[in-house]
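Survey of secondary and tertiary structure
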Amino acid sequence: MAPVARMRSVVLDCPDPRQLAEFYAHLLGGTVEGDEGEDWVTLHAPGGLRLCFQEAPGHRPPDWPRAGAGSQQIHLDLDVGPAVQDIERAQERVLALGAKPLDVDDDNGSRDFRVYADPAGHPFCLCRIDEG
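These notes cover the structure that comes with them. (Residues numbered from 1 in each chain as written. Predicted model: local features only at pLDDT ≥ 70, side-chain atom pairs only at ≥ 80, totals over all residues. Heavy atoms only, no water.)

Here's the deal with the layout of surface pockets
Reported here for the largest pocket is a volume of approximately 240 Å³. Contributing to the lining of the largest pocket are 14 residues, with Leu-27, Val-80, Ala-90, Arg-93 and Val-94 lying nearest its centre. Put simply, the parts of the chain that give the lining of the largest pocket at least two residues each are α1 (17–28), β5 (76–79) and α2 (84–97). For the lining of the largest pocket, the leading source of residues is α2, giving six residues. Within the lining of the largest pocket, the residues separate by chemical class into eight nonpolar, one polar and five charged. (1 Å grid on protein atoms, 1.4 Å probe; cavity = no way out; pocket = protein on both sides within 12 Å on 5 of 7 lines; lining within 4 Å. Points joined across faces, edges and corners; volume = space filled by probe spheres on them. Helix = DSSP H or I, 4+ residues; strand = E, 2+ residues; numbered from the N terminus. Nonpolar A, V, L, I, M, F, W, Y, C, P; charged D, E, K, R; others polar.)

In structure tokens form, the structure reads like this:
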């Protein structure tokens, strides 16, 4: 069966689109299109991924991990490599960029992800995926 559509982009509501686009550009690479103060900014990341950031006055971050009002609407899983050291290095970098830890207890390496919030409060996971 032929698909109805193809994915164009993922859009995140936030209070400051340019700031959040820059955060993800440092995290994923790519180029940011849109100026400071614009209400829509796009990140063109490697591999054709397109993340867009839309100004949402009064934005309230999701209340991770609770369900209900203010709950998580979407989160991103980001692969960082197969080793525990890969996730350690990635954690240092995302914290330096302004991410906040939400759940970083990986049970001494037995769990393959850690959860953070971007500067606007959206949850994302750093994941270590064994490609072997």
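After presenting the structure, the write-up continues.
Describing the sheet that holds β5
Taken in spatial order, the four strands of this open sheet run β5-β8-β7-β6, and their pairing is mixed. Strand pairing shows two members of the sheet lacking a second neighbour, β5 and β6 (100–103), which therefore form its edges. Each strand axis lies, on average, 35° off the axis of its neighbour in the sheet, ignoring direction. Along the sheet, α2 contacts β6, β7 (113–117) and β8 (123–127); its crossing angle with β7, the most-contacted strand, is approximately 0°. (Pairing = 2+ DSSP bridges. Axes fitted to C-alpha atoms, helices over the stretch in contact; angles between N-to-C directions. Contact = heavy atoms within 4.5 Å.)

Points about the nonpolar core
Counting residues in each nonpolar core, the largest one holds 23 residues, and the members touching the most others are Leu-20, Tyr-24, Leu-43, Leu-51, Phe-53, Phe-124 and Leu-126. Contributing elements (two or more residues each) for this core: β1 (10–14), α1, β3 (40–44), β4 (50–55), β5, α2 and β8. For this core, the leading source of residues is α1, giving five residues. Contacts of Leu-20, omitting those with residues within four sequence positions, involve Cys-14, Phe-53, Asp-118, Pro-119, Ala-120 and His-122. (Core = buried A, V, L, I, M, F, W, Y, C linked by side-chain atoms within 4.5 Å. Buried < 20%, exposed > 50% of the residue type's maximum accessible area, 1.4 Å probe, protein only.)

Comments concerning the packing of aromatic side chains
What characterises a pair of aromatic rings is the spacing of the ring centres plus the angle enclosed by the ring planes. Within this structure, the stated rule accounts for five aromatic pairs. Both rings, one in Tyr-24 and one in Phe-53, keep their centres 5.8 Å apart while their planes meet at 20°; by these two values the pair is stacked. Here the residue Tyr-24 occupies a position in helix α1, and Phe-53 occupies one in strand β4, the gap between them amounting to 29 residues. The buried category is assigned to Tyr-24, whose relative accessible area is 0%. We classify Phe-53 as buried; its relative accessible area is 0%. Within the aromatic cluster, the residues linked to one another by ring pairs are Phe-23, Tyr-24, Phe-53, Tyr-116 and Phe-124. In this structure, Arg-111 packs its charged tip against the face of Phe-113, placed 4.2 Å from the ring centre. (Phe/Tyr/Trp six-rings, centres within 6.5 Å; stacked < 30°, edge-to-face > 60°. Lys NZ or Arg CZ within 6 Å of the ring centre and 35° of its normal.)

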